[in-house]
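In case you want the letters, here they are:
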Protein chains: 2
Amino acid sequence: MTDAYREWYRGRRVMITGGLGFIGSNIARALVDLEADVLLVDSLIPDYGGNLNNIEGIESRLRVNVADVRQQSTMNYLVRDREVIFNLAGQVSHIDSMRDPETDLEINCRGQLTLLEACRRHNAGAKVVFAGTRQVYGKPDRLPVDEGHLVRPTDINGINKAAGEHYHLVYNNVFGVRACSLRLTNVYGPRQLIRHNRQGFIGWFIRLAVEGKEIQVFGDGSQLRDFVYVDDVVDAFLRAGSTDAVNGDVFNVGGAEPISHRDLVEMLLKAAGGGTVRYVEWPPEKKAIDIGSFYSNSGKFQRTVGWSPRVPLKEGLLRTVEFYRENLPRYIGEPS
Amino acid sequence: MTDAYREWYRGRRVMITGGLGFIGSNIARALVDLEADVLLVDSLIPDYGGNLNNIEGIESRLRVNVADVRQQSTMNYLVRDREVIFNLAGQVSHIDSMRDPETDLEINCRGQLTLLEACRRHNAGAKVVFAGTRQVYGKPDRLPVDEGHLVRPTDINGINKAAGEHYHLVYNNVFGVRACSLRLTNVYGPRQLIRHNRQGFIGWFIRLAVEGKEIQVFGDGSQLRDFVYVDDVVDAFLRAGSTDAVNGDVFNVGGAEPISHRDLVEMLLKAAGGGTVRYVEWPPEKKAIDIGSFYSNSGKFQRTVGWSPRVPLKEGLLRTVEFYRENLPRYIGEPS
């Protein structure tokens, strides 16, 4: 009975952009179990997170279409019979966005416009759930951060993600595409990119712990963050995709409670049974865009769709460590 | 003594992007009088507002370089010796942005990144004053709107202008470019584009009044707006360009007090001594992105640099009507 929103996906025609990536592939796994008709769209750009290993074992139960969201005619074709689109394609590295702002713009702004124009012109009734990010808030004025907080990003990636999110709201309000955005906090779990350290620290820390290496924490590690396990994020997308109550709005999707970097690393090293930690000075270029403590209030999403995070951090870290221990070569070698 | 910030421009190497446009050319006129070294950069894209008639009589006292802000290598060259850059190049039509979002993105996002990258790589100490817009606020939660109000644009143009503004702040905070944004409200005055009605209603209304034609107001005309005369906006740019007190921040630059569309049109018809008004139903596609009443609080800018609007609306409208009466063919014919 509480799973009506999950049953709703049976036979439903769903498309996931960034579908071979971390969150996209985890949504795909849930959807094939619910017997949805699943189309994954992914550009498989090296270094971005798409990985065919992410759909190991479910390849025959879905379709994969390699394509770039910036390609208008391809998107026009792919969206046309899709009832729900989980829109997760993106360039997610803050660091890369500061080195090469134009590529970040092309993917996180222009690519979103391309997908939305495809819907506007060829499937105006589509339901689109966008993967937003808590990065759009920048350095918080108050904690926890709710959706009434100013959007004031501190890096190029955050700016472009904010624009991508706003496009969804405008297309909802003006062109009838039913769209919303989930502002995800720090997400972790199986199938996250851990091959390099430019997509956020949590995946990288997990890799170092699994490899028994040294984790470097900037400053004294007292900064707070909230973390959410990928299965809870999948549940958030499924809920948002199945209801019109979220259309035209933005929702924080965050962890149950904040934890300091210091305590997180301690918990992770325990889960991994190895690795060490060292506290080092902040590199100045990282300090310049650092936002201090951040954690979000997901009460609005909870009230609207009944979602709450269920997997405790300790449990999530254990599952994640176990996954990478079994699959490490597939996630640290060159992409296949 | 109060004009020290104006004297500061004597001999100063200034660049104005969008320099042949409405506000840009008015800044240029002030700067040549102050004996600054003025370089105007403008793409002269038809329909966008650049007009060589705007610099009539001052052509020999400045340089014009026709170029597009999206062109990286050109921008790299042009910025290198400039001390102050007034960055006004943009696509400013809300309507065009909804018809052709990608072009709006290219100019208002990518073009801004191009200019800022040029500064980062070739003139990191440059001072950049960006022409922001009150559109980034969208439909206001409260009035008057100050800078603490959420950024929640209702059209593509507003989204891209918000991104363009955020880039300036990030380049200020991270790359040492000294940048700020002035969020302009409804600006009016001589040299505004009045050739078509896709760049806001005020210029169009002024043209109709000067031509003795009928002005159509949507709804009952009770919506409030604030208007600021272009000379006051020029003064705002000159103040912002000459001080580091504004770096890394955004400031509303608005009119002294709000007025309803109804009263504005009445005042305008009186100033023009002709024309009529008719109240008509809202077209649905315009209603969808309408924001109701809006007026801004410019107190922060006033406190920071001492600016306040000086030209009363009645006086500004009279001056504007007089200008267009004398120059109408140059502003309603095909661009030269």
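Residues numbered from 1 in each chain as written. Chains lettered and ligands numbered in written order. Predicted model: local features only at pLDDT ≥ 70, side-chain atom pairs only at ≥ 80, totals over all residues.

Novice: Report on the overall build of chain A, specifying residues and quantitative values.
Specialist: Looking only at helices and strands, one finds 12 helices and 13 strands in chain A. Over its C-alpha trace chain A gives a radius of gyration of 19 Å, about what one expects of a compact globule, namely 20 Å for 336 residues. Going through the 336 residues of chain A one by one, you find that 53% of them count as buried. Taking the intrachain contacts of chain A between residues at least 6 apart in sequence as the baseline, contacts between residues at least 24 apart amount to 81%. (Helix = DSSP H or I, 4+ residues; strand = E, 2+ residues; numbered from the N terminus. Rg over C-alpha atoms; globule rule 2.2 N^0.38 Å. Buried ≥ 20, exposed ≤ 12 C-beta atoms within 10 Å, placed from the backbone. Contact = placed C-beta atoms within 7 Å.)

Novice: Which residues make up the sheet that holds strand E6 (residues 178-184) of chain B, and what are the values?
Specialist: All names here are of chain B. The strand order E3-E2-E1-E4-E5-E6-E11 describes an open sheet built from seven strands, whose pairing is parallel. Pairing within the sheet leaves two strands with one partner each, and these edge strands are strand E3 (63-66) and strand E11 (250-253). The mean inter-strand angle of the sheet, taken between neighbouring strand axes irrespective of direction, is 20°. (Pairing = 2+ DSSP bridges. Axes fitted to C-alpha atoms, helices over the stretch in contact; angles between N-to-C directions.)

Novice: Explain the pairing of strand E5 (residues 127-133) of chain B to me, using residue names and the numbers behind them.
Specialist: All names here are of chain B. Counting buried residues in E5 gives seven out of seven residues, a clear majority hidden from the surface. Along E5, one buried face is formed by Lys127, Val129, Ala131 and Thr133 and the opposite face, lined by Val128, Phe130 and Gly132, is buried too. Bridge count between strand E4 (residues 84-87) and E5: four bridges; the pairing is parallel. From the neighbouring strand, asparagine 87 faces E5, where its bridge partner is phenylalanine 130. Two strands pair when backbone bridges link them, and E5 and E6 are joined in this way by seven bridges, in the parallel orientation.

Novice: Which residues make up the relation of the copies chain B and chain A, and what are the values?
Specialist: For these two chain copies, the linking operation is a rotation about an axis paired with a shift along it. For the match of chain B to chain A, the screw axis carries a shift of 0.0 Å, the RMSD comes to 0.0 Å, and the turn is 180°. Considering both components of the superposition, the chain copies are consistent with a two-fold axis. Across chain B, the rotation axis passes nearest the C-alpha of B:Leu150, at a separation of 2.6 Å. Taken as a fraction of all interface residues of chain B, those also at the interface in chain A reach 100%, which identifies the copy contact as same-surface. (Least-squares fit on C-alpha atoms with pLDDT ≥ 70 in both.)

Novice: Quick one: what's the story with the interface of chain B and chain A, residue by residue and with numbers?
Specialist: Across the contact, 24 residues belong to chain B and 24 residues belong to chain A. Among the elements that line the side of chain B that touches chain A, the one with the most residues is helix H6 (residues 156-175) of chain B, at nine residues. Its residues assigned to classes, the side of chain B that touches chain A comprises 16 nonpolar, four polar and four charged. (Nonpolar A, V, L, I, M, F, W, Y, C, P; charged D, E, K, R; others polar.)

Novice: Which residues make up the sheet that holds strand E2 (residues 37-42) of chain A, and what values do they have?
Specialist: All names here are of chain A. Taken together, the seven strands give an open sheet; going across it, the order is E3-E2-E1-E4-E5-E6-E11, and neighbouring strands pair in parallel fashion. The sheet is open, and its two edges are formed by strand E3 (63-66) and strand E11 (250-253), each paired on a single side. Each strand axis lies, on average, 20° off the axis of its neighbour in the sheet, ignoring direction. Where E2 and E3 come together, four bridges link them in parallel fashion. Pairing of aspartate 42 across the sheet is with valine 66, part of E3. Sitting on the sheet, helix H2 (residues 22-33) touches strand E1 (13-17), E2, strand E4 (84-87) and strand E5 (127-133), and the angle it makes with E2 is about 165°.

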